[in-house]
Amino acid sequence: MKVFISICLLFFSLNIQAQGSIAGNFSPPKDFKWLISYELTPNGERYSADTAVKDGAFTLEMPATAQAGMYRLVYAVPQDEFYIDVIYDKKEDVKFNFDLKDGLTITNSIENKWYREYFSKIIEAQDRLIEFYETKNEPNKEYTSILKELNAIQTSFEDKHVTTIAHKFIKANRSYIPAKFEDLETFLKNKKQHHFDHLAINDPVLQGSNFLIDKFASYVFSALPTDITTKEQLAVEVNKNIETTVAQIKLTPIGFQERTMYQLWQIAEVNNMPTVQDYIFNNHLKKLAVTNNNQKLVDEIEMASRLRIGAISPDITWQANGKTQSLLTMEPTENYLLVFWSSTCSHCLKELPQLHKEIEGYENLKIIAVGLEDDDINWKEVSATLPNFNHAIALGRWESDYAKIFGIQSTPTYFILDSEKRFLAKPESDKEVVEFLEN
């Protein structure tokens, strides 16, 4: 009987642990149908729970095995764009309202409210300091007031709720605050020198969230000399900062290192910094991805690098008049247009004849149309109606070499090249092709 009672009590206690929840309301209700919760770990996201969203309302019952930490609530795809991050500490239920227009409002969770309040106040004070340096560069009462406010916010929030998860982020977020007036150059130098002082890089909760990676990104792309005048100088300094960051994270989990380097690579891509992209990938990211058995990431980056604006196009060959023709040995012209299509694609059969007609008079343009086909029977018939195009065929359709080399996921797909056969544009339609060529 005692054993039976003990088992019942154990079962009851497990049920109690499982009652923790994250609940709330989405608005407008019609735009939300489901919600998936992921625990943010150093090696990436780990599925936790999911639920339907009914009339804008939801309740996620968190499993007993859920660990205290930061959780990502995904409400649409792509997942890396449509999400909300919240702290779940297993001690209090989390409730919030989320409006597409007005954003997030925490309605029940002291820890989440405190976390958001701190970052709201410290960012506002930091913005005041930046604004001061943008307009003034000499000591005055305003400067002293800003420093006092920054110190007061940081100290007061650090002194409270020391045992909470939010405290980890607040303490790690302490940034350099001058003891007295410093001119901009001195301030930036000291800020860079002390950037990593409080980051707690080995904390798994911080590693799981975006917090540390965002801090690294800020360092890499912002902690730079003020006298940079060329893209080459910028790339050199950014790469130096990358090496400093690599040294800081070398003892962290491999998944975290990979995520960090990949996000830095993505930021370099968005900011059109191909030299930095290649430096990150060739010196660090590729090795990390291979070690982490993530060949998919390696393939994706190699394809993105191969097809990025400014890169020379991979070659394409075809037969014409009994001879092998080649894109890279083709006679010079102002622009080249690559079209990947299929003779069984309805969109292609609509767009290509119109495009053929629209650009018929373009003397400084050569067109190479690559048919992604299962066989050449229908392709021969349709391609014959487009005589001003140079026609290549890729048997195997999506599995063909050209489809893989050029990352073709739909047809038609267009690439415009410059006179040196470098990627110049990637129009979405035949109309965009014509508009680009006319401007």
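Refer to the preceding data block for the structure.
Residues numbered from 1 in each chain as written. Predicted model: local features only at pLDDT ≥ 70, side-chain atom pairs only at ≥ 80, totals over all residues. Heavy atoms only, no water.

1. Some words on the layout of surface pockets
Turning to step 1, where the next piece is worked out: In this structure, the second largest pocket spans a volume of roughly 840 Å³.
Turning to step 2, where the next piece is worked out: As for the second largest pocket, its lining consists of 25 residues, of which Glu45, Asp80, Arg259, Tyr262 and Gln266 are closest to the centre.
Turning to step 3, where the next piece is worked out: Counting only elements with at least two residues in the lining of the second largest pocket, the list comes to strand E2 (34–41), strand E3 (44–52), helix H9 (254–270) and helix H11 (295–307).
Turning to step 4, where the next piece is worked out: Of the residues contributing to the lining of the second largest pocket, the split by class is five nonpolar, 12 polar and eight charged. (1 Å grid on protein atoms, 1.4 Å probe; cavity = no way out; pocket = protein on both sides within 12 Å on 5 of 7 lines; lining within 4 Å. Points joined across faces, edges and corners; volume = space filled by probe spheres on them. Helix = DSSP H or I, 4+ residues; strand = E, 2+ residues; numbered from the N terminus. Nonpolar A, V, L, I, M, F, W, Y, C, P; charged D, E, K, R; others polar.)

2. Re the packing of aromatic side chains
Turning to step 1, where the next piece is worked out: Taken as a whole, this structure holds 33 aromatic pairs when the rule is applied.
Turning to step 2, where the next piece is worked out: For the ring pair Tyr75 and Phe82, a centre distance of 6.1 Å and an interplane angle of 65° mean the geometry is edge-to-face.
Turning to step 3, where the next piece is worked out: In this structure Tyr75 comes out as buried when scored by relative accessible area, which is 10%.
Turning to step 4, where the next piece is worked out: Aromatic ring contacts, followed pair by pair, group Phe26, Phe32, Phe58, Tyr75, Phe82, Phe96 and Phe98 into a single cluster.
Turning to step 5, where the next piece is worked out: Lys160 extends its terminal NZ or CZ atom over the ring of Phe157, reaching a point 5.7 Å from the ring centre. (Phe/Tyr/Trp six-rings, centres within 6.5 Å; stacked < 30°, edge-to-face > 60°. Buried < 20%, exposed > 50% of the residue type's maximum accessible area, 1.4 Å probe, protein only. Lys NZ or Arg CZ within 6 Å of the ring centre and 35° of its normal.)

3. Description of the sheet that holds E2
Turning to step 1, where the next piece is worked out: The strand order across the open sheet formed by four strands is E3-E2-E5-E6, and the pairing between neighbours is antiparallel. At either end of the open sheet lies a strand with only one pairing partner, and these are E3 and strand E6 (83–88). Within this sheet the neighbouring strands show an average axis-to-axis angle of 30°, counted without direction.
Turning to step 2, where the next piece is worked out: Taken together, the six bridges between strand E5 (residues 69–74) and E6 define a ladder with antiparallel strand orientation. When the sheet's bridge partners are listed, Tyr71 is paired in E6 with Val86. (Pairing = 2+ DSSP bridges. Axes fitted to C-alpha atoms, helices over the stretch in contact; angles between N-to-C directions.)

4. Quick notes on the environment of Gly24
Turning to step 1, where the next piece is worked out: Assignment of secondary structure puts Gly24 in strand E1 (residues 21–27).
Turning to step 2, where the next piece is worked out: The exposure class assigned to Gly24 is buried, which follows from its relative accessible area of 12%.
Turning to step 3, where the next piece is worked out: Residues Gly24 and Asn108, spaced 84 residues apart in sequence, show a C-alpha to C-alpha distance of 9.4 Å.
Turning to step 4, where the next piece is worked out: If sequence neighbours within four positions are ignored, Gly24 has contacts with Gly56, Ala57, Phe58 and Phe96. (Contact = heavy atoms within 4.5 Å.)

5. What about the side chain of Glu182?
Turning to step 1, where the next piece is worked out: Within the secondary structure, Glu182 is located in the loop between helix H4 (165–172) and helix H5 (184–193).
Turning to step 2, where the next piece is worked out: No salt bridge is formed by the buried Glu182. Its closest oppositely charged neighbour is Lys180, at 7.9 Å.
Turning to step 3, where the next piece is worked out: For Glu182, the side chain forms a polar contact with the side chain of Tyr176, separated by 2.5 Å.
Turning to step 4, where the next piece is worked out: At 3.1 Å, the side chain of Glu182 forms a polar contact with the side chain of Asn190.
Turning to step 5, where the next piece is worked out: When sequence neighbours within four positions are dropped, the list of residues in contact with Glu182 reads Tyr133, Tyr143, Tyr176, Phe187 and Asn190. (Lys, Arg positive; Asp, Glu negative; His and termini not counted. Salt bridge = Lys/Arg side-chain N within 4 Å of Asp/Glu carboxyl O. Polar contact = N/O pair within 3.5 Å; in protein donor to acceptor, adjacent residues only side chain to side chain.)

6. Here we look at the nonpolar core
Turning to step 1, where the next piece is worked out: Counting 61 residues, the largest nonpolar core has Phe169 and Met261 as the members making the most contacts within it.
Turning to step 2, where the next piece is worked out: Among the elements that line this core, the one with the most residues is helix H2 (residues 110–135), at nine residues. (Core = buried A, V, L, I, M, F, W, Y, C linked by side-chain atoms within 4.5 Å.)

7. Considering unusual backbone geometry
Turning to step 1, where the next piece is worked out: In this structure, Pro78 follows Val77 across a cis peptide bond, with omega equal to 0°.
Turning to step 2, where the next piece is worked out: Residue position: Pro78 is located in the loop between E5 and E6.
Turning to step 3, where the next piece is worked out: For the bond running from Thr411 to Pro412, omega is -5°, close enough to zero to count as cis.
Turning to step 4, where the next piece is worked out: Note on placement: Pro412 falls in the loop between helix H14 (401–405) and strand E14 (413–417).
Turning to step 5, where the next piece is worked out: Notably, Lys90 is not glycine yet its phi reads approximately 70°, a positive angle.
Turning to step 6, where the next piece is worked out: Here Lys90 lies in the loop between E6 and strand E7 (94–99).
Turning to step 7, where the next piece is worked out: For Asn321, which is not a glycine, the phi torsion comes out positive at approximately 55°.
Turning to step 8, where the next piece is worked out: Its location among the elements puts Asn321 in the loop between strand E9 (317–320) and strand E10 (323–326).

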